[in-house]
Amino acid sequence: MDPAFAAAEGPRIAILTRPAGRNEALAGRLQGAGWQPCILPALEIHPISVASEDLPRPSAFDLVVFVSGNAARQYLNQLSQAEGAADWPAGVAAATVGPASAQALRETGFFGANTTVLHPDESAPTHDSEALWRVLEAQPTLPARVLVVRGTQGRDWLGDKLEAHGVHVTRHAAYQRRAADWTSDQLGALRRWAEADVSATWLLTSGEGADAVQNQLHAAGLTDWWLRCRFVITHPSLVRRLPPSCHGASGAAMVKICVPNDESIFQAFVAA
């Protein structure tokens with residue numbers, strides 16, 4: 001392990017902040033590699049109720065873009081409630097921002113073997129809207145009608161890009177993210193590490209999540225400890241959400257950037 005990244009002594013704490021249910025497998029791998037994992041979701045995912053007549057149907061579009069695995073799960077649940085166990089319409093492609101969310105899509109059981117699922121591959125330098133745009137613009141033609149399934153918050157870069165190229169875009173919010181309320185026991189563990197001057201390493205995967213973490217630590221009086229922590233992030237833009245000491249070349253030893261799948265995140269924590 002890079003000695004500038006690893007804690008010089010004491011336990012190696014990995015704080016995993018993805019939503020509930022997304023951290024357990026990674027936590028097990030990290031524990032096996034000598035880390036002490038702490039599962040501490042920054043955000044909670046809350047489904048949004050939608051009347052059947054207001055739900056955009058995939059058959060009305062040429063392509064449905066899911067910005068995340070959560071977007072796919074929540075939308076498909078809405079679709080099931082509106083239509084029952086209906087098959088995904090033939091000829092309507094799906095797209096995600098990376099192979100991990102594409103795999104989550106396939107595991108829902110909604111998509112037949114003949115459904116086209118577009119996504120950046122494992123070798124793409126990032127798994128985000130920009131990477132998916134490069135995949136879409138490499139197709140023979142752009143789709144005429146696109147449904148973007150997302151949360152109530154987040155970037156709208158891809159939708160704007162498609163519209164700028166003449167595509168009719170419909171945006172549908174299938175869920176909302178709220179800051180999680182950490183328990184006194186959870187905050188107590190963080191305080192003990194802070195008092196022992198243990199520099200934890202945080203996994204941060206969204207701007208909203210990073211802001212939620214920082215706000216909770218500030219409210220708990222742990223801002224000084226946050227400034228001494230290290231970070232694994234899944235997009236370069238998240239550097240702007242980190243403490244000022246992480247910005248610029250001088251903070252490079254405090255930050256690892258990787259694509260948002262478990263293998264890459266694991267390697268960012270533990271690889272030499």
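Scoring rules and cut-offs
- Residues numbered from 1 in each chain as written.
- Predicted model: local features only at pLDDT ≥ 70, side-chain atom pairs only at ≥ 80, totals over all residues.
- Heavy atoms only, no water.
- Helix = DSSP H or I, 4+ residues; strand = E, 2+ residues; numbered from the N terminus.
- Rg over C-alpha atoms; globule rule 2.2 N^0.38 Å.
- Buried < 20%, exposed > 50% of the residue type's maximum accessible area, 1.4 Å probe, protein only.
- Contact = heavy atoms within 4.5 Å.
- Lys, Arg positive; Asp, Glu negative; His and termini not counted.
- Charge placed at Lys NZ, Arg CZ, Asp CG, Glu CD.
- Pairing = 2+ DSSP bridges.
- Axes fitted to C-alpha atoms, helices over the stretch in contact; angles between N-to-C directions.
- Expected span 1.5 Å × (residues − 1).
- Domains from an automatic or database assignment.
- Buried area = accessible area lost by both parts, 1.4 Å probe.
- Salt bridge = Lys/Arg side-chain N within 4 Å of Asp/Glu carboxyl O.
- Polar contact = N/O pair within 3.5 Å; in protein donor to acceptor, adjacent residues only side chain to side chain.
- Nonpolar A, V, L, I, M, F, W, Y, C, P; charged D, E, K, R; others polar.
- Parallel < 35°, antiparallel > 145°, perpendicular 65-115°, else oblique.
- Left-handed = near helix turned anticlockwise from the far one by under 90°.

(A) Spatial organisation of the overall build of the protein chain. The secondary structure content of the protein chain amounts to nine helices and eleven strands. The globule rule puts the C-alpha radius of gyration for 272 residues at 19 Å, and the 20 Å found for the protein chain is close to it. Counting only C-alpha atoms, the protein chain reaches 60 × 35 × 35 Å along its principal axes. Within the protein chain, the proportion of its 272 residues that are buried is 48%. Put simply, of all contacts in the protein chain between residues at least 6 apart along the chain, 68% involve residues at least 24 apart. The average position of the 22 basic charges and that of the 27 acidic charges among the side chains of the protein chain differ by 3 Å.

(B) Representation of the sheet that holds strand 1 (residues 13-16) in the model. Taken together, the five strands give an open sheet; going across it, the order is 2-1-9-10-11, and neighbouring strands pair in parallel fashion. The strands lining the two open edges of the sheet, one partner per strand, are strand 2 (36-39) and strand 11 (255-257). The mean inter-strand angle of the sheet, taken between neighbouring strand axes irrespective of direction, is 20°. Sheet topology places strand 1 next to strand 2; four bridges connect them, and they run parallel. Across the sheet, Ile15 pairs through a bridge with Cys38, a residue of strand 2.

(C) Representation of helix 6 (residues 184-195) in the model. The end-to-end C-alpha distance of helix 6 is 16 Å, a good match for the 16 Å that twelve residues give at a rise of 1.5 Å each. Buried within helix 6 we find Leu187, Gly188, Ala189, Leu190, Trp193 and Ala194. Contacts from the buried residues of helix 6 go to strand 1, strand 2, strand 9 (201-204), helix 7 (207-219) and helix 8 (223-228). Positive phi shows up at Asp197, right after helix 6, with a value of about 60°.

(D) Quick look at the domain arrangement of the protein chain. Its domain assignment divides the protein chain into domain 1 (13-42 + 181-271) and domain 2 (46-178). Put simply, the middle of domain 1 and the middle of domain 2, counted by C-alpha atoms, are 28 Å apart. Domain 1 puts ten residues into the contact, and the matching count from domain 2 is 13 residues. Buried area between domain 1 and domain 2, summed over both chains or domains, comes out near 760 Å², and the portion from carbon and sulfur atoms is 51%. Counting the surface domain 1 buries against domain 2, the share from its top three residues, Glu208, His235 and Val259, is 49%. Two residues, Arg177 and Glu208, come together in a salt bridge whose shortest N-O distance is 3.0 Å. The tally of links between domain 1 and domain 2 comes to three residue pairs in polar contact (both at pLDDT 80 or more). A per-class count over the side of domain 1 that touches domain 2 returns five nonpolar, three polar and two charged.

(E) Representation of the side chain of Ser129 within the structure. Mapped onto the fold, Ser129 is located in helix 4 (residues 129-137). Here Ser129 falls in the buried class, since its relative accessible area comes to 15%. With residues up to four places along the chain from it excluded, the contact list for Ser129 reads Val97, Arg155, Trp157 and Leu158.

(F) Structural view of the packing of helix 4 against helix 5 (residues 157-164). Here helix 4 crosses helix 5 at 30°, and the two axes come no closer than 9 Å. Relative to helix 5, the element helix 4 lies roughly parallel. The handedness of the crossing between helix 4 and helix 5 comes out as right-handed. Taking contact as the criterion, the partners of Ser129, Glu130, Leu132, Trp133 and Leu136 in helix 4 are, on helix 5, Trp157, Leu158, Lys161 and Leu162. Residue composition of the contact of helix 4 with helix 5, by class: six nonpolar, one polar and two charged.

(G) Representation of the sheet that holds strand 7 (residues 145-151). One open sheet holds the six strands; their spatial order is 3-8-7-4-5-6, and the pairing between them is mixed. Edge positions in the sheet fall to strand 3 (43-47) and strand 6 (117-118), since each has one partner strand and no second. Bridge analysis of strand 7 against strand 8 (residues 168-179) gives seven bridges, and the strand direction is parallel. Its bridge partner lying in strand 8, Gly151 is registered against Tyr175.

(H) Fine view of unusual backbone geometry. Not every positive phi belongs to a glycine, and Asp197 is a case in point at roughly 60°. Inspection of the secondary structure assignment puts Asp197 in the loop between helix 6 and strand 9.

(I) View of the environment of Leu242. Mapped onto the fold, Leu242 is located in the loop between strand 10 (230-233) and strand 11. You can call Leu242 buried: its relative accessible area is 4%. Setting aside residues up to four positions removed in sequence, Leu242 forms contacts with Leu204, Phe231, Ile233, His247 and Val255.

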